[in-house]
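Commentary on secondary and tertiary structure
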Amino acid sequence: MTTTSIHARTPTRTLGSAANGTALQVSALGLGCMGMSDFYGQSSAAGSAAETDAIATIRRALDLGVTFLDTADMYGPFTNETLVGKAIAGRRDEVVLATKFGIDRDPASGARRGVNGRPEYVRRAADASLQRLGVDHIDLYYQHRVDPNVPIEDTVGAMAELVAAGKVRHLGLSEAGAATIRRAHATAPITALETEYSLWSRDVEGEILPVLRELGIGLVPYSPLGRGFLTGTITSASALAPDDFRRSNPRFQGDAFDANLALVARVRELAAAKGITAGQLALAWVLAQGDDVVPIPGTKRIAYLEENAASAAVRLSAEDLAALDAAIPASAVVGDRYGDMSSIGR
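Residues numbered from 1 in each chain as written. Predicted model: local features only at pLDDT ≥ 70, side-chain atom pairs only at ≥ 80, totals over all residues. Heavy atoms only, no water.

An unreviewed UniProt entry annotates the chain as Aldo/keto reductase originating from Pengzhenrongella sicca.

Laid out in structure tokens, this is it:
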């Protein structure tokens, strides 16, 4: 397997299906923008040097053909959409813009107020996102988490009204379970499911991925680099910023961290033998899972963006894939994906 020049244009893939009217062409890799504003330490506050760097990273992504941008109203909270809007000003036609609603956060304190899928909230959230982004439509609008207290038909019905109004082009779900996906898709066509998927998070393969393929729904893996762990650059949880949420993540703590670090060491060895980075190998593995799979690795830095983009040209043989499966068996990763898994996979 080989890499390509970082100046090569990123190829495209299709989420959804022409057969059910949900086809959406996107870059084969997207850019997750969450970490520019939240969760991973220093955020890109308005007017800061970090904001300038984040905007430059997004614009470099567009230059490379990484035009599928992922944000959400709750990132910041509420500041990440504004950041993305600044970055794409004057270049909207180049971008496939995805954002999310449903995790309700207090604007003043940032405290989470729960999951909200009520139709009136859906409409209000969409209008607020459009204003922050500075655009007249959202290309792909996800429900961030399923509200157990609101029938999915009611939520998706309100989302479909946004499509009819021209405010949204395509609909998506995030971290939804198989039965919920079926009910949602029966209410209005769903183009994509966003969920965690990587070499060390493979639960989706059991029930979710077969349902997506049956229904013609694309998969958008977030954290395809295992929250940075699979790059091999994280060797100590104590080196993370004090406010980095990974410090409280079960996979980054104690014996689990040490066990998972040993798994990543095997990935680094395989990558070195191929002349690429561990991160590129991990992304190439996700890309090799199907043409309906579009990972959205996040980064704040141009250098890492360019490294990630180059993974689109990496080709893995059957032997490469078998070696990776042996290096990180699906059952070998230690620790849950989140400290609280109660809102996952509904």
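1. Describing the confidence of the model for the chain
For the chain, mean pLDDT is 92; residues scoring 70 or higher make up 95% of the total. Counted against residues more than four places away or in other chains, residues 1-5, with its pLDDT under 50, gives 16 contacts. (pLDDT = per-residue confidence, 0-100. Contact = heavy atoms within 4.5 Å.)

2. Examining the packing of helix α7 (residues 254-274) against helix α10 (residues 318-327)
Contact pair α7 / α10: the axes reach a minimum separation of 9 Å and the direction vectors enclose 160°. Classified by the interaxial angle, the pair formed by α7 and α10 is roughly antiparallel. The element α7 and its partner α10 pack so that their crossing is right-handed. Mapping the contact onto sequence places L263, R266, L270 and K274 in α7 and D320, A323, L324, A326 and A327 in α10. In terms of residue class, the contact of α7 with α10 is built from six nonpolar, no polar and three charged. (Axes fitted to C-alpha atoms, helices over the stretch in contact; angles between N-to-C directions. Helix = DSSP H or I, 4+ residues; strand = E, 2+ residues; numbered from the N terminus. Parallel < 35°, antiparallel > 145°, perpendicular 65-115°, else oblique. Left-handed = near helix turned anticlockwise from the far one by under 90°. Nonpolar A, V, L, I, M, F, W, Y, C, P; charged D, E, K, R; others polar.)

3. Some details on the packing of aromatic side chains
On inspection of all chains with the given rule, the structure shows seven aromatic pairs. With centroids separated by 5.1 Å and ring planes inclined at 40°, the aromatic side chains of F101 and Y141 adopt a geometry described as tilted. Highlighted residues: F101 in strand β5 (residues 96-101) and Y141 in strand β8 (residues 138-143), separated in sequence by 40 residues. Using a relative accessible area of 0% as the deciding quantity, one classes F101 as buried. Measuring from ring centre to ring centre gives 4.9 Å for W200 and F229, while their planes differ by 50°; the resulting arrangement is tilted. Pair noted here: W200 is in the loop between β10 (192-196) and α6 (208-215) and F229 is in the loop between β11 (218-222) and α7, with a separation of 29 residues, a long-range link. In this structure F229 comes out as buried when scored by relative accessible area, which is 0%. (Phe/Tyr/Trp six-rings, centres within 6.5 Å; stacked < 30°, edge-to-face > 60°. Buried < 20%, exposed > 50% of the residue type's maximum accessible area, 1.4 Å probe, protein only.)

4. Side note on the environment of G102
Tracing the backbone shows G102 in the loop between β5 and β6 (103-105). Taking the relative accessible area as the measure of exposure, G102 reaches 0% and is therefore buried. Note: C-alpha distance between G102 and D147 (45 residues apart in sequence) is 7.8 Å. Not counting chain neighbours up to four residues away, the residues in contact with G102 comprise G114, V115, N116, Y121 and H144.

5. Considering the sheet that holds β5
Here we have seven strands laid out as an open sheet, ordered β3-β4-β5-β8-β9-β10-β11, and parallel in their pairing. Both edges of this open sheet fall to β3 (30-32) and β11, since each of them pairs with a single strand only. Put simply, the sheet's adjacent strands are angled 25° from each other on average, direction ignored. Here β10 runs beside β11; their pairing, made up of five bridges, is parallel. (Pairing = 2+ DSSP bridges.)

6. Some points on empty space enclosed by the protein
Inspection of every chain in the model, using the stated rule, returns one cavity of 30 Å³ or more. There is about 40 Å³ of room inside the largest cavity. Surrounding the largest cavity, L29, G30, L31, V66, P297, T299, L305, N308 and A309 form its lining. Contributions of two or more residues to the lining of the largest cavity are made by β3 and α9 (302-310). Top element by residues in the lining of the largest cavity is α9. It accounts for three residues. Taken together, the residues that form the lining of the largest cavity break down as six nonpolar, three polar and no charged. (1 Å grid on protein atoms, 1.4 Å probe; cavity = no way out; pocket = protein on both sides within 12 Å on 5 of 7 lines; lining within 4 Å. Points joined across faces, edges and corners; volume = space filled by probe spheres on them.)

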